[in-house]
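Topology and contacts: notes
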Amino acid sequence: MLGTTLLRVTESEGNVDRLRGGRSRRFRGSDGAVHRRLWILLARSSSHGSRSAYARCRHRVDLVGAGHQRVSGRLRLEVGRDVLAVGDCGLLDDAAEAMQEFTTPHSTAVRMAAQLADPRFAYCGFYDADSEVPGLGDWIEQLIAESTGKNGRGVLPIVTKKSESDMYPVIGFTNKHELAVVGPLGAQFIFWEWVTALLGYLLNVDPFNQPNVTESKERTGALLSDWEASPLAHERAIFETSSIAIYSSARCSDLSEYLKSSVESSRGYLAIMAYLNREKDSEIVEFREVLEKKAKRPTTFGWGPRFLHSTGQFHKGGPLTGSFIQITADSTEDVEIPGAGYGFQRLILAQALGDNQALVARELPVLRLHLKDREMGIKEILAVARAL
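Residues numbered from 1 in each chain as written. Predicted model: local features only at pLDDT ≥ 70, side-chain atom pairs only at ≥ 80, totals over all residues. Heavy atoms only, no water.

1. Quick notes on the sheet that holds strand β7 (residues 170–171)
On the basis of which strands lie adjacent, the open sheet formed by three strands has the order β6-β5-β7 and parallel pairing. On the outer flanks of this sheet lie β6 (156–159) and β7, each paired with one strand and no other. In terms of strand pairing, strand β5 (residues 123–126) meets β6 through four bridges, oriented parallel. Residue glycine 125 lies in a different strand from β6, and its bridge partner there is isoleucine 158. (Pairing = 2+ DSSP bridges. Helix = DSSP H or I, 4+ residues; strand = E, 2+ residues; numbered from the N terminus.)

2. Here we look at the pattern of salt bridges
Here the structure, examined in full by the defined rule, presents 14 salt bridges. Between glutamate 289 and arginine 288 there is a salt bridge, and its shortest N-O distance comes to 2.9 Å. With respect to class, glutamate 289 is no different from arginine 288; both count as buried. Beyond isolated ion pairs, a larger network of salt bridges with shared partners links Glu215, Arg219 and Arg362. (Salt bridge = Lys/Arg side-chain N within 4 Å of Asp/Glu carboxyl O. Buried < 20%, exposed > 50% of the residue type's maximum accessible area, 1.4 Å probe, protein only.)

3. Section: helix α7 (residues 211–225)
With 15 residues, α7 should reach 21 Å at 1.5 Å per residue; the first-to-last C-alpha distance of 21 Å fits that figure. For α7, every residue scored as buried is listed here: Asn212, Val213, Glu215, Ser216, Thr220, Leu223 and Leu224. Of the surrounding elements, those touching the buried residues of α7 are α5 (136–148), α10 (311–317) and α11 (344–360). (Expected span 1.5 Å × (residues − 1). Contact = heavy atoms within 4.5 Å.)

4. Examining a positive patch on the surface
Positive charge collects at one region of the surface, where Lys162, Lys293, Lys294 and Lys296 lie side by side. Lysine 296 sits in the exposed class, given a relative accessible area of 63%. (Patch = residues over 30% accessible without salt bridge, like charges linked within 9 Å, V, L, I, M, F, W, Y side chains within 5 Å. Areas by Shrake-Rupley, 256 points an atom, 1.4 Å probe, with all protein chains shown as cover. Lys, Arg positive; Asp, Glu negative; His and termini not counted. Charge placed at Lys NZ, Arg CZ, Asp CG, Glu CD.)

5. Some details on the confidence of the model for the protein
Predicted coordinates in regions of low pLDDT should not be interpreted in detail. Put simply, the protein has an average pLDDT of 81, and 77% of its residues get 70 or more. When the criterion is pLDDT under 50, residues 1–71 qualifies, and its contacts beyond four places in sequence or with other chains add up to 143 contacts. Under a pLDDT of 50 for its full length, residues 76–88 has, in the predicted model, 57 contacts with residues more than four places off or in other chains. (pLDDT = per-residue confidence, 0-100.)

6. With respect to a nonpolar patch on the surface
A contiguous nonpolar patch, built from Val335, Phe344 and Ile348 and spanning about 260 Å² of accessible area, is present on the exposed surface. Under the relative-accessibility criterion, phenylalanine 344 is labelled partly exposed at 42%.

7. Considerations on the pairing of strand β9 (residues 244–247)
Side chains Ile244 and Ile246 of β9 all project onto a buried face; the interleaved residues Ala245 and Tyr247 project onto the opposite face, where all are buried too. Here strand β8 (residues 239–240) hands over to β9 after three residues, the two strands then running antiparallel side by side. With four bridges joining them, β9 and strand β13 (residues 366–371) adopt antiparallel strand pairing. Following the sheet pairing, isoleucine 244 is matched in β13 by leucine 371.

8. Focus on the packing of α7 against α11
Taken N-terminus to C-terminus, the directions of α7 and α11 make an angle of 125°; their axes are 8 Å apart at the nearest point. The angle between the axes of α7 and α11 places the two elements in the oblique class. As α7 runs across α11, the sense of the crossing is right-handed. Judged by residue contacts, Glu215, Ser216, Arg219, Thr220, Leu223 and Leu224 of α7 engage Arg346, Leu347, Ala350, Gln351, Leu353, Gly354, Asp355, Gln357 and Ala358 from α11. Counted by class, the contact of α7 with α11 contains six nonpolar, five polar and four charged residues. (Axes fitted to C-alpha atoms, helices over the stretch in contact; angles between N-to-C directions. Parallel < 35°, antiparallel > 145°, perpendicular 65-115°, else oblique. Left-handed = near helix turned anticlockwise from the far one by under 90°. Nonpolar A, V, L, I, M, F, W, Y, C, P; charged D, E, K, R; others polar.)

Structure follows, in structure tokens:
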């Protein structure tokens, strides 16, 4: 059902013309007033049934606050603004039904927020591999890490391929797990948004901003604006193998020693940040499981630059206890960005270096492994990690 109907919220009539064959409807807030010039477009309709999905919805979306600048994109499911795929509005119906229970004093959302605020859940695993909502853990990771990781506080989610851990509690999404949240996708979405907002209250942080995401963007922009004069952009590797160039403030004799140094520098957790192709370079994901087992420390993995809007906020705004391993790489092809004067390869590297700067400015340990040969470099990293 998902993907049959496209529900799109736009902010002007001009956007209506861009989706042919769809229908538009004006929306009003729950107080009856029109707060924005918002439209709902039901497009990609292949049948009369799907075209009339809107009319069959039992629960309509309250769009008050849509587009509000203080509401981060990760929290906009209920206020709408971006693109949301739904099947016969079942996603919204499930969310609305689940939400009716959340305001009670001992609701599941309240109890889960209280659980996550417990120091024992400072690191919390999410395992969705055996569930009907695969990929949900990645979304929850962004929601919680970016919303709570600030003012030196926060909960660090860890998306794991194992249903249990000796280092942190793991939440699953089937009845087979001791800690589990079971429900349809729409209910999961609204549940975790409520939990995150309540968790922000308990941690005394604003869950609706992301100040350190902005910081990394600004550092990236500064690097790109003066790339040729930037020492960081032209830094020489401190150590090299046939397939990897290593950048670090530490001095070690080989890759194994550099990885050991990163582990020993951690005061809490390890973070792997891979600015690679998640399809062609997918083998690198194994690095997280291997390193966590060897290091015996909670270890996260993030694809760059995506993670900058997820755990990246926690890295710099949460407790400063992490040790960081960046993985960058050369590309065989580059695509020029029109009008920029550079291509995506430089942009991606600048994003990595900008975040590197932000971490180093906090005196956090950062190891950058630059793959001169992607395939061989990944194999070398995994082989060395397994031998630690």
